[in-house]
Amino acid sequence: MKEFKNLIILGPLIYAIHHFEEHIIFNFREWRLKYFLDNNSLSTEEVLLRLLALLLIWVFLHSVTKNKASAHVILFFLMTTQVVNAFFHVFFSFYFSDFSPGAITGVLVYLPVNYLIFKAALNEGYLKSKTEIGYIFILGASTFVLFEIIGPIVMLITTILSIAYYIIANKYNFGSKL
């Protein structure tokens, strides 16, 4: 279970668990509207389904191709939707002195599971160095912030750019199989 190909399957599962905390146990949308603009016209369920579907597609693609390009897209996706998301919940819980629904699973589930996933990616050669993780974090944080500012169009743009990256990475052989 310590292999990258096995650990990435946990991504969709822990996203569902996180969503359960945010929207079944607590009310994240209500909390968010107290502090941020309402720029997301999509229901939380629609966002959940879109992101789960995208992640599952990339996980399936990686299970077939087992190449760096698919691994990079998955790592970017997890960094954006889970790791940065966990930091968002924790930071703004302290910043507003008001518990942000999602902080519990962010800290207890997202961070440890994604640590194992990124560690496996390094060990198996999908990432060359911790510096690459830093670049993915910057890209993921930027994407997360853009989504929070602009809204759902960022999901479409990111999906298109991820597909373009995958195609180009494979064409020019920097996304090749290990």
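Before reading on, note that the structure itself is shown above.
Here the structure is a predicted model, which is why all the values come from computation and not from measurement.

**Student:** Run through the packing of aromatic side chains, naming residues and quoting values.
**Tutor:** Per the counting criterion, the structure on display carries 21 aromatic pairs. Aromatic side chains Trp31 and Tyr35 sit 5.2 Å apart centroid to centroid with 55° between the ring planes, which places their arrangement in the tilted category. Here Trp31 and its partner Tyr35 are both found in helix H3 (residues 28–35), four residues apart, which amounts to about one turn of the helix. Overall, Trp31 belongs to the buried group, its relative accessible area being 4%. Taking 5.7 Å as the distance between ring centres and 40° as the angle between the ring planes, the aromatic pair formed by Phe36 and Phe88 counts as tilted. With Phe36 in the loop between H3 and helix H4 (44–65) and Phe88 in helix H5 (residues 68–95), the pair connects residues that are 52 residues apart, well separated along the chain. Counting every residue linked through ring pairs, the aromatic cluster contains Phe28, Trp31, Tyr35, Phe36, Phe88, Phe91, Phe92, Tyr95, Phe96 and Phe144.

**Student:** If you had to explain the pattern of salt bridges to someone new, which residues and values would you point to?
**Tutor:** Counting across every chain of the model gives four salt bridges. Notably, a salt bridge pairs Arg32 with Glu148, separated by 2.6 Å at the nearest N-O pair. Taken together, the positions of Arg32 in helix H3 and Glu148 in helix H7 (residues 130–150) put the pair 116 residues apart, joining distant regions of the chain. Across the pair, exposure class does not vary: Arg32 and Glu148 are buried alike. With a closest N to O distance of 3.0 Å, Asp98 and Lys34 form a salt bridge. Of this pair, Asp98 sits in the loop between H5 and helix H6 (103–123) while Lys34 sits in helix H3; the two residues are 64 residues apart in sequence, bridging distant segments of the chain. We classify Lys34 as exposed; its relative accessible area is 54%.

Rules and cut-offs
Residues numbered from 1 in each chain as written. Predicted model: local features only at pLDDT ≥ 70, side-chain atom pairs only at ≥ 80, totals over all residues. Heavy atoms only, no water. Phe/Tyr/Trp six-rings, centres within 6.5 Å; stacked < 30°, edge-to-face > 60°. Helix = DSSP H or I, 4+ residues; strand = E, 2+ residues; numbered from the N terminus. Buried < 20%, exposed > 50% of the residue type's maximum accessible area, 1.4 Å probe, protein only. Salt bridge = Lys/Arg side-chain N within 4 Å of Asp/Glu carboxyl O.

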